[in-house]
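The lines below spell out each chain.
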Amino acid sequence: MSNDEPTNSSASDDAPVIPLRTRTPAQARVVAIASGKGGVGKTNLAANFALALGQLGVRVLAVDADLGLANLDIVLGLAPPHTAVDLLRGDLDIEDVLVRSTHDVWLLPGCAGDVEASNLEELRRYELMTAIDTLDERFDAVVIDTGSGLGPSTLGFCGAAEEVMLVITPEPTALSDGLGMLRALHERHDVRQVKVVANLVGSQDEGEAAFSRFRGLCSRRSSVRLEYMGALPFDPHVGRAVMRGQPVSEAYPNSPYGQAVTRIAGRFMASTQRDARPGTSQIFWRRLLRQREHGAG
Ligand SMILES: Nc1ncnc2c1ncn2[C@@H]1O[C@H](COP(=O)(O)OP(=O)(O)OP(=O)(O)O)[C@@H](O)[C@H]1O
Ligand SMILES: [Mg+2]
C-alpha cells in the first residue's frame, strides 16, 4: 500500500484528505495524557482533545497506549477492525491498522482484554514506537492515551513523549496519586515539566483551586514545573455521548465539556513551554533511545 493515501476511513469523511507529499514536513508535538489515579477522565480527554486539535487543522495521530485495556476507539465512536497487537505480531503494517476519525485525526487502536499487551515489554514498546516513527511527516501532533498507575508501559510512553498532560480532579486521592506519577516520571525519565488539566470540576474556580492545591503539594516534594492548561467541568453529556457511541465534542459541541476541551486545545497550541531535558527530540521514540544511551529509564 502506498504511503500517500490514508485508508481505512471508518467515520465521517468531511475533511479533505490532502496527499501527504504536498505537505511541509513538521516535527510532531508528542503529548501523553497521564494520571496517577484511574478513572479521572484521561481517555475522554485524549479523544476530545485530539478532535479539538483536528478541528483547528492539526493532523493528529491518537495512540491508544492503554494497550491491554484499550477503549479510546469506543470513546471516539470507532470500531477498528485491527489493533496495534496485529502490528506487533507482524501480521499487518501500521498503515493497515490506522483508522480515521473526523478531520485529519487518526487512531492507532489498542486491544481490549489482552494481558500480554497490557504488560508490553520494553522491546515491544520500541517496536511500536519505531512503527509510529515511519509516520512522522504525516502528523503534526501525536496524542497518547495511557493506562492508569505506575506500570512500566505507562511510564515508558510518558517518558518517551516530549510533553505530558496530567489529569487531576479536586479529590485529594487524585492529587496525591498525581504527585506520585509526577515523581515517578521525574525519577525514571527525568521529566521536568508537566501540563495539568483539572477534570470533574464544578466550576472554573474549583479547577483553579484544585490546581493550586496540587502545585502546593508538588512544590514541597518535587521539582517538576507545572503549567496549568485549564479545567473540564463535570458534564453529563460526556457519559451520554459515550452511550450514543460518539465523542462528546461531536455529539454535543456546545456542551460545557465540548467548549472547555476546545479552550484547552487552543491553550496547548499557544503553549511554547516544552520539557528542556538534555537530548530532547520532538520525536518520542528517538528521544527514548537517546535516554537509554545516557543511561536513564
Ligand atoms: N468531565 C466529565 N464529566 C462527566 N463524566 C466524566 C467526565 N470525564 C470523565 N467522565 C466519566 O468518567 C469515567 C472515566 O472516564 P475515562 O475512561 O475517560 O477515564 P480514564 O482516566 O481514562 O480511566 P482509566 O484509568 O480506567 O483508563 C467515564 O465513565 C466517563 O464518562
Ligand atoms: Mg482510560
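Structural data are supplied above this passage.
How each quantity is defined
Residues numbered from 1 in each chain as written. Chains lettered and ligands numbered in written order. Predicted model: local features only at pLDDT ≥ 70, side-chain atom pairs only at ≥ 80, totals over all residues. Near = placed C-beta within 6 Å. Nonpolar A, V, L, I, M, F, W, Y, C, P; charged D, E, K, R; others polar. Core = buried A, V, L, I, M, F, W, Y, C linked by C-beta atoms within 7 Å. Buried ≥ 20, exposed ≤ 12 C-beta atoms within 10 Å, placed from the backbone. Helix = DSSP H or I, 4+ residues; strand = E, 2+ residues; numbered from the N terminus. Contact = placed C-beta atoms within 7 Å. Pairing = 2+ DSSP bridges. Axes fitted to C-alpha atoms, helices over the stretch in contact; angles between N-to-C directions. Parallel < 35°, antiparallel > 145°, perpendicular 65-115°, else oblique. Left-handed = near helix turned anticlockwise from the far one by under 90°. Right-handed = clockwise from strand over helix to strand, strands pointing away.

(A) Up close: the site of ligand 1. Inspection of the region around ligand 1 gives 20 residues, with G38, G41, K42, T43 and S148 positioned closest. Of the residues assigned to the shell around ligand 1, the class counts are seven nonpolar, ten polar and three charged.

(B) Region of the structure containing the nonpolar core. Of all hydrophobic cores here, the largest spans 88 residues; its most connected members are A62 and V143. The leading source of residues in this core is helix α1 (residues 42-55), at eight residues. Sequence-distant contacts of V143, that is, excluding residues within four places in its chain, are made with V31, I33, A46, F49, A50, V60 and A62.

(C) Looking closely at the sheet that holds strand β5 (residues 141-145). Strand order in the open sheet formed by eight strands is β3-β4-β2-β5-β1-β6-β7-β8, with mixed pairing between adjacent strands. Every other strand in the sheet has two partners, leaving β3 (99-100) and β8 (225-233) as the edge strands with one partner each. Packed onto the sheet, helix α7 (residues 152-160) meets β1 (29-34), β5 and β6 (163-168) and runs at close to 145° relative to β1.

(D) Inspection of the packing of helix α8 (residues 172-189) against helix α9 (residues 204-221) at higher detail. Between α8 and α9, whose axes approach to 10 Å, the crossing angle comes to 40°. Put simply, α8 runs oblique to α9. Crossing hand, α8 versus α9: right-handed. Every residue of α9 that contacts α8 at L175, G178, L179, L182 and R183 is listed here: R213, F214, L217, C218 and R221. Looking at side-chain class alone, the contact of α8 with α9 contains six nonpolar, one polar and three charged residues.

(E) Structural view of the pairing of strand β7 (residues 193-201). Counted residue by residue, β7 has eight buried out of nine residues, so it is predominantly covered. As paired elements, β6 and β7 share four bridges and run parallel to each other. Residue pairing for β7: L166 is matched across the bridge by V196. As for the winding sense of the linkage, the β-α-β connection from β6 through α8 to β7 is right-handed. Both β7 and β8 contribute to a ladder of seven bridges, which runs parallel. Residue pairing for β8: V196 is matched across the bridge by Y228.

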